[in-house]
Amino acid sequence: MGVLRDKHIVLGISGSIAAYKAAVLTRLLVRQGAEVQIVITPAGKEFITPITLSALSSRPVISEFFSGQDGTWNSHVDIGLWADAMVIAPATASTIGKMAHGVADNMLLTTYLSMKAPVFVAPAMDLDMFAHPSTTDNLDLLAQRGNFIIEPQSGELASHLIGKGRMEEPEGIVAVLEEFFSSTLDYEGKRVVITAGPTHEAIDPVRFIGNHSTGRMGIALADELVRRGAHVDLILGPSALKPSDAVHVERVTTAEEMLRATEAVIDTADIAIFAAAVADYRPRIKHTEKIKREHETELDLELVRNPDIAATLGARKRPDQFFVGFALESNAGVDEAKRKMQAKGFNAIVLNSLQDSGAGFGHETNKVTIFDQEGSIEAYELKSKDAVARDIASFIIKRLG
Ligand code: C5P
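Presented here is an overview of the structure given in this document.

Rules used in this analysis
Residues take numbers from 1 onward in each chain, read along the sequence in its written order. Totals for whole chains, interfaces and linings use every residue, but because this is a predicted model, local features are given only for residues with pLDDT of at least 70 and side-chain atom pairs only at 80 or more, for both listing and counting. Side-chain descriptors were evaluated using all non-hydrogen atoms of the structure, hydrogens and water having been removed beforehand. Helix and strand assignments come from DSSP, with helices taken as H or I runs of at least 4 residues and strands as E runs of at least 2, each series counted from the N terminus. Computation of the radius of gyration draws on C-alpha atoms, with the globule rule given as 2.2 Å multiplied by the number of residues to the power 0.38. Between buried and exposed lies partly exposed: a residue is buried under 20% and exposed over 50% of the maximum accessible area for its type, with that area taken using a 1.4 Å probe on protein chains only. Any two residues whose heavy atoms approach within 4.5 Å are treated as being in contact. For the area figures, the Shrake-Rupley method with a 1.4 Å probe applies, and any residue is considered shielded solely by the protein chains shown. Nearness is judged by heavy atoms alone; a residue qualifies as near a molecule or strand once a single heavy atom is within 4 Å of it. Identification of polar contacts relies on pairs of N or O atoms within 3.5 Å, with a donor-acceptor requirement for protein atoms, meaning one able to donate a hydrogen and the other able to accept it, and with residues adjacent in sequence counted only if both atoms are side-chain atoms. Lys, Arg, Asp and Glu make up the charged group, whereas Ala, Val, Leu, Ile, Met, Phe, Trp, Tyr, Cys and Pro make up the nonpolar group; the residues left over, Gly among them, are polar.

1. Describing the overall build of the protein chain
- The number of helices and strands found in the protein chain is 13 helices and 21 strands.
- Taken over the C-alpha trace, the protein chain has a radius of gyration of 24 Å; the compact-globule value for 401 residues is 21 Å, and the two agree within 12%.
- Principal axes of the C-alpha set define a box for the protein chain whose edges measure 75 × 55 × 40 Å.
- Of all 401 residues assigned to the protein chain, the portion counted as buried reaches 50%.
- For the protein chain, the share of sequence-separated contacts (at least 6 apart) that also reach a separation of at least 24 residues comes to 67%.
- Of the roughly 18900 Å² that the protein chain leaves accessible, carbon and sulfur atoms contribute 51%.

2. Digging into the site of the ligand
- All residues adjacent to the ligand are Phe274, Ala276, Val278, Pro307, Asp308, Ile309, Ala310, Gly325, Phe326, Lys340, Lys344 and Phe346.
- At 2.9 Å from an oxygen atom of the ligand is found a main-chain nitrogen or oxygen belonging to phenylalanine 326.
- Here an oxygen atom of the ligand sits 2.4 Å away from a polar atom, N or O, in the side chain of lysine 340.
- Coverage of the ligand by the protein chains reaches 85% of its 450 Å² of free accessible surface.
- Going through the elements one at a time, α11 (309-314) and β16 (322-329) are the ones with two or more residues in the shell around the ligand.
- Taken together, the residues that form the shell around the ligand break down as eight nonpolar, one polar and three charged.

3. Some details on unusual backbone geometry
- In this structure, proline 90 follows alanine 89 across a cis peptide bond, with omega equal to 0°.
- With a phi angle near 55°, serine 58 is a residue other than glycine that sits in the positive phi range.
- Considering the arrangement of structural elements, one finds serine 58 in the loop between α2 (50-57) and α3 (76-82).
- On the accessibility criterion, serine 58 (64% relative accessible area) is exposed.
- Positive phi outside glycine occurs at histidine 160, with the angle close to 75°.
- The residue histidine 160 is located in the loop between β6 (153-156) and β7 (162-166) in this model.
- Taking relative accessible area as the criterion, histidine 160 reaches 61% and is therefore assigned exposed.

Structural data, given as structure tokens:
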């Protein structure tokens, strides 16, 4: 058996004639050793019955938010965490539109919106619907956000018209998944330590100094690397986001805690990626009681330097370790990024410029340039942070040979 063995695949089926192909797709995936959880839209059930699909997948088919039998909640959140990949086949124009615009009016769409794993979309529709600007714009948007579009074929459609819109055959969809999962085991046996998120430095029990980092980029890297076979220790500052279950997460609050937690695992690492936005200073005194406004007309905060985690650990990096840093610069930044790479002992540095609209803190997208000690420079387009994580992962593994 190949790379799909034991993979958890969520198969989303929407209402198209091509839904009959989902039965064959399920059979092929199960034959490859994958576990298939089917989620079907109400319209999908008009085209193929859940009984056929549950028999083929050996699992109950999910369609409603609550089970009709006993009222238990079908947790789209749990399915999102369980999955190694989601495939939406067939994806109708309506489902594609709802995916692009966050319309969560059925179980397939809530599952999609909660999905942590990569999503593959196999459109199926009439040629004019496929060519319509709404559809092409929606598919572009989904691709930009890191979803994989499995292009439909040209041929005879259910309408008997000839054109592009025939869903890719089940064998073709399986081949796409196999290629995806086989290219993704290039980190097998590698141990990676990642720092991510902001740090919070307490002023008193209710106030802190922090920054706008969400941790999104570092978490996207952690998710990507575990998917590609790495063991990842993620040292994560205060972030509302949740990495996939396979990532080993150590939650910390302050820069000093982040340094200690990173020091504890750094010797085990083949690769370290310093993606955290560490607060450079912390208050010298952490007040134990909330500072009362009535007692002060002005408040002087004395700040002391926080440890530079990357520089501290970079100084004692072993030659067999590969360290990568980030530089977020508000002006041109290339020289500054290169200076930081030298100063902190990085093998490579990822520069994201605050000047690029859509890049940096809080955005779903990022635009990066990567430099390394050998003098190579790779500049990438504006992409989803998941797609940027794939680029960074490929850059690093290539340098490691
Ligand atoms: O000096 P600057 O903060 O721009 O450097 C950015 C790089 O150094 C990032 O990789 C960041 O994670 C790391 N860094 C760190 N500890 C600090 C400050 C920055 O690890 N205190």
